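If you want the building blocks of each chain, they are given just below.
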Amino acid sequence: MASRPVRQHAPVAGGRDIVVPGDGLRLAATRWSGTGAPVVLLHGLASQRRFWNLVVPGLVGLPVVAIDQRGHGESDTPDHGYEMASVVRDVAIALDALAISRAVLVGHSWGAAVAMSFAAAHPQRALAVVAVDGGITTPASRWSRDEAREVLAPPRLEIAPDLLPGLLAQGPLASWWSPEVEDAVLPIFGVHDDGLARARLSFERHLALIDALYDYEPATTLAGVACPAWLVVAQPLAVAADDPGQEWLAQKQDAVTSATAALAQPRVVILAGAVHDVPLQWPALVSGIVRAAVDEVSREVRS
């Protein structure tokens, strides 16, 4: 079902909105000019490219592109092709069209799994990976496929557009909410013909991507990543012993240990007190980590 934006959003910091090809579809993207190692920003599940709005100003001077992945944002929404291999092909074809031969890939959550998968499939094209709270786990470690679909299924939110910002401001980012965060999050939703705002990623496509994450194999994928790989891990300051999140935190810590062993060149940054959407919480810190990744590989880019 087609939708219109909840609010019109211009790209930040001098970016230019463009359309690039994917694997048999059109992808919306925003590009910022610069010199040095190109940076590719890949959003998480059910998000979109404006999610990186607060991080991009910290990357000024670098060539940067943020992509709406298939089914998300303003990109095409095919009924099929949400398995990881298809999404990775989208990224490769888009970079070909942009004449980007090698890049630093930055992914958040599901986007981190996409970035790791791209680096494993195209080792000659990945200068580095920055995986922001993702890419090292799979729902298969916690649930059966049916359980994962049930637990991770998105809410079927339908709301008047003028009420949406207030609802979003009450979420996990409440303490960090600002007009800039609002502008980075609102494009997740579109207004449909009935006048209600809904997520642009449909419920069915969301489930298809949960299936793709379920089939994602971190150990195998990360073992194929030859470039420097930065694991940026959000971790609560404290979790009560009887909190259900305690088990998940332990599994996440085990995943970091396993990922560090699997990767050829791991770099690990633990962000104590961070929420999952840390690029919106502490964007300057995230852009600093991305710049560190770029600086490390800059000598290779110049050679």
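This text goes with the structure placed above it.
Residues numbered from 1 in each chain as written. Predicted model: local features only at pLDDT ≥ 70, side-chain atom pairs only at ≥ 80, totals over all residues. Heavy atoms only, no water.

Draft legend 1. Molecular detail of the overall build of the chain. When its secondary structure is counted, the chain shows ten helices and eleven strands. Along the first, second and third principal axes, the C-alpha set of the chain runs to 55 × 50 × 35 Å. Counting only residues that meet the buried cut, the chain has 51% of its 303 residues in that class. Excluding contacts between residues fewer than 6 apart, the proportion of contacts in the chain whose partners are at least 24 apart in sequence is 75%. Here the chain has roughly 13200 Å² of accessible surface; of this, 54% comes from carbon and sulfur atoms. (Helix = DSSP H or I, 4+ residues; strand = E, 2+ residues; numbered from the N terminus. Buried < 20%, exposed > 50% of the residue type's maximum accessible area, 1.4 Å probe, protein only. Contact = heavy atoms within 4.5 Å. Areas by Shrake-Rupley, 256 points an atom, 1.4 Å probe, with all protein chains shown as cover.)

Draft legend 2. Structural context of the sheet that holds strand 10 (residues 228–235). Taken together, eight strands build an open sheet; the order of strands is 2-3-5-4-6-7-10-11 and the sheet is mixed. Each having just a single partner strand, strand 2 (16–21) and strand 11 (265–272) make up the two edges of the open sheet. The sheet shows a mean angle of 20° between the axes of neighbouring strands, taken without regard to direction. In this sheet, strand 6 (residues 103–108) lies alongside strand 4 (residues 39–42) in parallel orientation, the contact comprising four bridges. Across the sheet, valine 40 pairs through a bridge with leucine 105, a residue of strand 6. Helix-sheet contacts for helix 2 (residues 110–121) involve strand 4, strand 6, strand 7 (126–132) and strand 10, and the interaxial angle to strand 6 is about 150°. Sheet strands touched by helix 8 (residues 245–262): strand 10 and strand 11. Its angle to strand 10, the strand with the most contacts, is close to 170°. (Pairing = 2+ DSSP bridges. Axes fitted to C-alpha atoms, helices over the stretch in contact; angles between N-to-C directions.)

Draft legend 3. How the structure looks around the packing of aromatic side chains. Counted according to the given criterion, the structure contains one aromatic pair. When the centroid spacing of 5.4 Å and the interplanar angle of 90° are considered together, the rings of phenylalanine 51 and tryptophan 52 count as edge-to-face. Residue classification places phenylalanine 51 among the buried positions, given a relative accessible area of 4%. Among the residues examined, tryptophan 52 registers a relative accessible area of 1% and is labelled buried. Against the face of phenylalanine 203 rests arginine 156, its NZ or CZ located 3.6 Å from the ring centre. (Phe/Tyr/Trp six-rings, centres within 6.5 Å; stacked < 30°, edge-to-face > 60°. Lys NZ or Arg CZ within 6 Å of the ring centre and 35° of its normal.)

Draft legend 4. Layout of the sheet that holds strand 1 (residues 4–5). Reading across from one edge, 1-8-9 is the order of the three strands in this open sheet, with antiparallel pairing throughout. At either end of the open sheet lies a strand with only one pairing partner, and these are strand 1 and strand 9 (197–199). One ladder, built from three bridges, connects strand 8 (residues 189–191) with strand 9; its direction is antiparallel. Counterpart to phenylalanine 189 in the pairing with strand 9 is alanine 199.

Draft legend 5. Representation of the pairing of strand 7 in the model. Counting buried residues along strand 7, seven of its seven residues qualify, which places the element largely inside the surrounding structure. Pairing between strand 6 and strand 7: six bridges, direction parallel. Within strand 7, the position partnered with valine 106 by the bridge is valine 130. The pairing of strand 7 with strand 10 spans four bridges and is classified as parallel. Opposite alanine 131, over in strand 10, you have leucine 231 as the bridge partner.

Draft legend 6. Examining the side chain of glutamate 182 more closely. By secondary structure assignment, the location of glutamate 182 is in helix 5 (residues 179–185). Sequence-distant contacts of glutamate 182, defined by excluding residues within four places in its chain, comprise Arg7, Pro165 and Trp177.

Draft legend 7. Spotlight on the pattern of salt bridges. Overall, the coordinates contain 17 salt bridges when judged by the stated rule. A salt bridge links aspartate 90 to arginine 70, with the nearest nitrogen and oxygen atoms 2.6 Å apart. Of this pair, aspartate 90 sits in helix 1 (residues 84–97) while arginine 70 sits in the loop between strand 5 (64–67) and helix 1, and the two are 20 residues apart along the sequence. Residue aspartate 90 shares its accessibility class with arginine 70, and that shared class is buried. Between aspartate 79 and arginine 205 there is a salt bridge, with the nearest N and O atoms lying 2.9 Å from each other. (Salt bridge = Lys/Arg side-chain N within 4 Å of Asp/Glu carboxyl O.)

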